Amino acid sequence: MSKTIKRIGVLTSGGDSPGMNAAIRSVVRTCAYHNIECVGIYRGYQGMIEGDFKEMGPRSVNNIVNKGGTILKSARSKDFMTPEGRQKAFSNIQKAGIDSLVVIGGDGSFTGAEVFNSEFNIPIMGIPGTIDNDIYGTSFTLGYDTALNTVVEVIDKIRDTASSHNRLFFVEVMGRDAGHIALNAGIGAGAEEILIPEEDLGLERLLDSLKKSKASGKSSSIVVIAEGDKIGKNVFELKDYVEANLPEYDVRVSVLGHMQRGGAPTCFDRVLASRLGVKAVESLIEGKSNFMVGILGDKITLTPIDQAIKGHSEIDRELLKVADIMST
Ligand code: ATP
């Protein structure tokens, strides 16, 4: 028999992403709607270990649907990786009367939640919040759409200066293990080449493509490179390589960095966050546990959290072809 849920704790953990606030708001208001108490846990698992809690009601989440970052703050907690740390966290949430958890974060945060559940049998639900879109069981993670739009907007601006000076720009975007941002933003911003962790396009192909691009009369070129591109050279090494082999090119590098995580969430991320928050709380009320809520097609779904952790989110290979054709 599943326990009746009376008091849900909500936390954000790992890297922040736009839409986390909208998800917190949704969790808090869904709790209020169903007459369940809600407690905000600050700084992810570290705040749980330190008992950094705050009672939350529908009015404590006013005016945050449009804000980037997370009002609950986020953290990575080494202490939570230890049994002693988790025991302390459990004692604190027991004292606070918290009987279930909604964890908003990436696969590392879900792993922590799963371990915690296996040790203390506390019901948990995960909401995928990361700009990388690298979580199995959901077509979109919170913050990904916002990050894509941020990257496209910046590349459009870089394109203006690139065309004015006939320059080649290498733009590095986030994505150590996943090329979703690079591939989609690259297509959206009209990049000539896109280098991603999943696919080794090879240095020769890059040189060939740049040569062709010049010969065909293009006045500027943008190459979008994911942090973890498979060629294995960092963006500055790639610049040196291309300049050594194609002296006609004047290469500039732009590393977009943390700006990709900031900013007001897009409407898509706000709506997704609201839907995922409702589903997470209502699933806990129904007695479900150990799931990640996500979106597949246009349906909000539940994926067992161990599958979400272990499964691999694949890039859409059709997009590789589209990118290739678009750079003709
Ligand atoms: P991002 O996508 O930004 O990396 P993430 O949720 O994957 O987000 P991590 O730093 O991997 O971020 O994990 C967040 C926190 O989850 C860790 O700091 C740690 O406290 C907890 N955690 C991760 N793995 C485990 C584990 N095996 N056991 C216990 N806790 C864990």
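Worth saying up front: this structure is predicted, and the values here are computed from it rather than measured. (Residues numbered from 1 in each chain as written. Predicted model: local features only at pLDDT ≥ 70, side-chain atom pairs only at ≥ 80, totals over all residues. Heavy atoms only, no water.)

Participant: Can you walk me through the sheet that holds strand β8 (residues 221-226) in this structure?
Facilitator: Where strands meet in a sheet, backbone hydrogen bonds hold them as pairs that are either parallel or antiparallel. Within the open sheet, the four strands sit side by side as β7-β8-β6-β9. Their pairing is parallel. The open sheet has two edge strands with one neighbour each: β7 (193-195) and β9 (251-255). When the angles between neighbouring strand axes are averaged without regard to direction, this sheet yields 20°. Sheet analysis places strand β6 (residues 168-173) next to β8, joined by six bridges and oriented parallel. Within β8, the position partnered with L168 by the bridge is S221. (Pairing = 2+ DSSP bridges. Helix = DSSP H or I, 4+ residues; strand = E, 2+ residues; numbered from the N terminus. Axes fitted to C-alpha atoms, helices over the stretch in contact; angles between N-to-C directions.)

Participant: What's the story with the domain arrangement of the protein chain in this structure? I'm lost.
Facilitator: Accessible area lost on assembly of the parts is the figure often given for the size of an interface. The domain boundaries assigned to the protein chain delineate domain 1 (7-143 + 265-310) and domain 2 (144-261). The gap between the C-alpha centroids of domain 1 and domain 2 is 34 Å. Counting residues at the interface gives 18 residues for domain 1 and twelve residues for domain 2. The interface formed by domain 1 and domain 2 contains one salt bridge. (Domains from an automatic or database assignment. Contact = heavy atoms within 4.5 Å. Salt bridge = Lys/Arg side-chain N within 4 Å of Asp/Glu carboxyl O.)

Participant: In this structure, what is going on with the pattern of salt bridges? I would like to understand it.
Facilitator: Any two side chains of opposite charge can pair, given that their charged atoms come close. For the structure on display, the rule yields 18 salt bridges. Of the charged contacts in the structure, one is a salt bridge between K157 and E153, with a shortest N-O distance of 3.7 Å. Of this pair, K157 and E153 are both found in helix α5 (residues 144-164), four residues apart, which corresponds to roughly one turn of the helix. Overall, K157 belongs to the exposed group, its relative accessible area being 52%. (Buried < 20%, exposed > 50% of the residue type's maximum accessible area, 1.4 Å probe, protein only.)

Participant: Help me understand the UniProt feature "binding site: Mg(2+)" (unreviewed entry) in the protein chain in this model?
Facilitator: Mapped onto the present numbering, the UniProt feature "binding site: Mg(2+)" (unreviewed entry) falls at D107. Turning to its location among the elements, D107 is positioned in helix α4 (residues 107-120). Look at D107 and you get partly exposed, because its relative accessible area is 35%. When near neighbours in sequence (up to four residues on either side) are disregarded, D107 contacts I135 and I309. (UniProt positions renumbered as here; feature names shortened; annotations may be inferred.)

Participant: Any chance you could explain the nonpolar core here in plain terms?
Facilitator: Grouped burial of nonpolar side chains is what soluble globular proteins tend to show. The biggest cluster of nonpolar side chains holds 30 residues, and the ones touching the most others in it are I8, V27, V102, I104 and I127. The set of elements that each furnish at least two residues to this core consists of β1 (7-12), α1 (20-33), β4 (100-105), β5 (124-128), α9 (267-285) and β10 (291-296). Of the residues forming this core, the biggest block, seven residues, is contributed by α1. Those residues in contact with V27, other than ones at most four positions away along the chain, are V10, C38, V102, I127, G277 and V281. Judged by nonpolar contacts, the second largest core, of 29 residues, contains A189, I196, I222 and A323. (Core = buried A, V, L, I, M, F, W, Y, C linked by side-chain atoms within 4.5 Å.)

Participant: Before we go on, may I ask you to explain unusual backbone geometry in this structure?
Facilitator: Residues other than glycine predominantly adopt negative phi, and peptide bonds predominantly adopt the trans conformation. Residue R43 is not a glycine yet carries a positive backbone phi of 55°. Along the polypeptide, R43 turns up in the loop between β2 (37-41) and α2 (44-50). For N133, which is not a glycine, the phi torsion comes out positive at approximately 55°. Its place among the elements puts N133 in the loop between β5 and α5. Here N133 falls in the buried class, since its relative accessible area comes to 5%.

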